[in-house]
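Residue-level structural notes
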Amino acid sequence: MTPGINAAKKSKMTYRIHEYSHDESSESYGLEAAEKMGVPEDRVFKTLVVSLDNNDLVVGVIPVSSMLSMKLIAKSVGAKKAVMAKKSDVERSTGYVLGGVSPLGQK
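**Quick notes on the pairing of strand β2 (residues 57-63)**
The sheet contact formed by strand β1 (residues 45-52) and β2 spans seven bridges and is antiparallel. Each bridged residue has a counterpart across the sheet, and for Ser51 the counterpart in β2 is Leu57.

In structure tokens, the structure reads:
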């Protein structure tokens, strides 16, 4: 099981696992998931890791149909600038592979 599923179990959350076969040619993990599961795009969320100007990392969770505003996420945590974190930083800091980052169970 993933760390996210283990965290849900530990906290006695109610959850369901939704599985589908990933298409390597898909450009968006989240949009692909919504389509393959027959769920509206605004009901499927993506977890994005952002690097701030002080090198701290923060996590944003938004619908896959939306774009994360770097200005707004920086402002919300009192930073001046934010950029998408490097793949290696995301994987090291969360314990998940890029494209499968969960807001639950991160390192």
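**Details of the pairing of β1**
Most of β1 is tucked away: six of the eight residues are buried. Between the end of β1 and the start of β2, which pair antiparallel, lie four residues, with Asn55 showing a positive phi angle near 75 degrees. As paired strands, β1 and strand β3 (residues 82-84) are joined by three bridges and run antiparallel to one another. Across the sheet, Ser51 pairs through a bridge with Val83, a residue of β3.

**What about the sheet that holds β1?**
Overall, antiparallel pairing links the three strands, which are arranged β2-β1-β3 in an open sheet. In the strand order of this sheet, the two ends are held by β2 and β3, each with one partner. Taken pair by pair, the neighbouring strands of this sheet meet at an average axis angle of 40 degrees, ignoring direction.

**With respect to the pattern of salt bridges**
The tally for this structure, following the rule as stated, stands at two salt bridges. Salt-bridge contacts for Lys36 lead to Glu32; the nearest nitrogen and oxygen are separated by 3.0 Å. Remark: Glu32 and Lys36 occur in helix α2 (residues 29-37); sequence separation between them is four residues, near one turn of the helix. Between Arg92 and Asp89 there is a salt bridge, with its nearest N and O atoms 3.2 Å apart. Here Arg92 pairs with Asp89, and both are found in helix α4 (residues 87-94), just three residues apart, close to one helical turn.

**Remarks on the side chain of Thr47**
Mapped onto the fold, Thr47 is located in strand β1. Residue classification places Thr47 among the buried positions, given a relative accessible area of 13%. Reaching out from Thr47, the side chain makes a polar contact with the backbone oxygen of Val101 at a distance of 3.3 Å. In this structure Thr47 touches Val59, Gly60, Val61, Val101, Ser102, Pro103 and Gln106, once residues within four positions along its chain are discounted.

**Thoughts on the layout of surface pockets**
Of the volumes computed, that of the largest pocket is approximately 1700 Å³. Taken together, 39 residues form the lining of the largest pocket, with Val44, Phe45, Val101, Ser102 and Pro103 sitting closest to its centre. Elements represented by at least two residues in the lining of the largest pocket include exactly α1 (3-10), α2 and β1. When residues in the lining of the largest pocket are grouped by element, the largest group, five residues, is from β1.

Here is what the cut-offs are and how they apply
- Residues numbered from 1 in each chain as written.
- Predicted model: local features only at pLDDT ≥ 70, side-chain atom pairs only at ≥ 80, totals over all residues.
- Heavy atoms only, no water.
- Pairing = 2+ DSSP bridges.
- Helix = DSSP H or I, 4+ residues; strand = E, 2+ residues; numbered from the N terminus.
- Buried < 20%, exposed > 50% of the residue type's maximum accessible area, 1.4 Å probe, protein only.
- Axes fitted to C-alpha atoms, helices over the stretch in contact; angles between N-to-C directions.
- Salt bridge = Lys/Arg side-chain N within 4 Å of Asp/Glu carboxyl O.
- Polar contact = N/O pair within 3.5 Å; in protein donor to acceptor, adjacent residues only side chain to side chain.
- Contact = heavy atoms within 4.5 Å.
- 1 Å grid on protein atoms, 1.4 Å probe; cavity = no way out; pocket = protein on both sides within 12 Å on 5 of 7 lines; lining within 4 Å.
- Points joined across faces, edges and corners; volume = space filled by probe spheres on them.

Geometry only, nothing functional implied.
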